[in-house]
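One letter stands for each residue in the lines below.
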Amino acid sequence: MSIQMGIAEQIKELALNDPSWRHHERATVVYQMYDQLNEMFFKNELPQAVLGFDPTGRVKKDGKYWYESDDIAVPHHIDLAKGLSAGGMMVALLKNMVHLKSEVYDHKTSWYHSQAWQAEMSK
């Protein structure tokens, strides 16, 4: 692991290289999806997010985007709900990547889905 990597990149590398982790197989698929979606829809302009899984059922929808604004924690985190199919994970991931894009590049006045978010989702 390189010290030059950011925290999110280090977490990604650990997730991909630890076959004993209970979410290793799904993480491998989801991180690959993230990279492909970032390239296809966002021109690789999104920062690396930490991708996680909610085995408890606390995430009530298909996924949840989190932003930690204390400048110490990992700033971008996407949790996916349990029980999603591969297609469901892709849709949840894409939806939450649009939230991430809004957080990074748009001026946000509230967390309600802005017109810019709605326009991005309708593409």
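Scroll up for the structure.
Scope of this entry: the structure provided in the associated data block. (Residues numbered from 1 in each chain as written. Predicted model: local features only at pLDDT ≥ 70, side-chain atom pairs only at ≥ 80, totals over all residues. Heavy atoms only, no water.)

For the rest of this paragraph, the subject is the overall build of the protein chain. Secondary structure assignment for the protein chain yields four helices and three strands. Listed by position from the N terminus, the elements making up the protein chain come as α-α-β-β-β-α-α. Sorting the 123 residues of the protein chain into buried and exposed places 36% on the buried side. Restricting to contacts in the protein chain with at least 6 residues of sequence separation, those with at least 24 account for 52%. Only carbon and sulfur atoms are counted for the fraction: they give 54% of the accessible area of the protein chain, which is about 7,900 Å². Within the protein chain, one finds 13 positive and 16 negative side-chain charges whose respective centroids are separated by 9 Å. (Helix = DSSP H or I, 4+ residues; strand = E, 2+ residues; numbered from the N terminus. Buried < 20%, exposed > 50% of the residue type's maximum accessible area, 1.4 Å probe, protein only. Contact = heavy atoms within 4.5 Å. Areas by Shrake-Rupley, 256 points an atom, 1.4 Å probe, with all protein chains shown as cover. Lys, Arg positive; Asp, Glu negative; His and termini not counted. Charge placed at Lys NZ, Arg CZ, Asp CG, Glu CD.)

The next thing to look at is helix α2 (residues 24–42). Here α2 spans 25 Å end to end across 19 residues, near enough to the 27 Å set by a 1.5 Å rise per residue. Those residues of α2 not exposed but buried are His24, Ala27, Val30, Tyr31, Met33, Tyr34, Leu37, Asn38 and Phe42. Along its buried surface, α2 packs onto α1 (7–17), β1 (50–54), β3 (76–81), α3 (86–105) and α4 (115–121). Lys43 sits one or two residues past α2 and shows a positive phi near 55 degrees. (Expected span 1.5 Å × (residues − 1).)

Between α2 and α3, the least distance of the axes is 10 Å, while the angle of their chain directions is 50 degrees. Classified by the interaxial angle, the pair formed by α2 and α3 is oblique. Two packed elements cross with a definite hand, and for α2 against α3 that hand is right-handed. On α3, the residues that touch Arg26, Val30, Met33, Tyr34, Leu37, Asn38, Phe41 and Phe42 of α2 are Ala86, Met89, Met90, Leu93, Leu94, Met97, Val98, Leu100 and Lys101. A breakdown of the residues in the contact of α2 with α3 according to their chemical character gives 14 nonpolar, one polar and two charged. (Axes fitted to C-alpha atoms, helices over the stretch in contact; angles between N-to-C directions. Parallel < 35°, antiparallel > 145°, perpendicular 65-115°, else oblique. Left-handed = near helix turned anticlockwise from the far one by under 90°. Nonpolar A, V, L, I, M, F, W, Y, C, P; charged D, E, K, R; others polar.)

Time to look at α3. Here α3 contains 20 residues, and its C-alpha end-to-end distance of 28 Å stays within 8% of the 28 Å for a straight helix at 1.5 Å per residue. Listed in full, the buried residues belonging to α3 are Gly88, Met89, Ala92, Leu93, Lys95, Asn96, Met97, Val98, His99, Leu100 and Ser102. Those residues of α3 hidden inside the fold are in contact with α2, β1, β2 (63–67), β3 and α4.

Tallied over the entire structure, the rule returns one aromatic pair. Above the plane of the ring of Trp66 lies Lys64, whose end atom (NZ or CZ) is 5.0 Å from the centre. (Phe/Tyr/Trp six-rings, centres within 6.5 Å; stacked < 30°, edge-to-face > 60°. Lys NZ or Arg CZ within 6 Å of the ring centre and 35° of its normal.)

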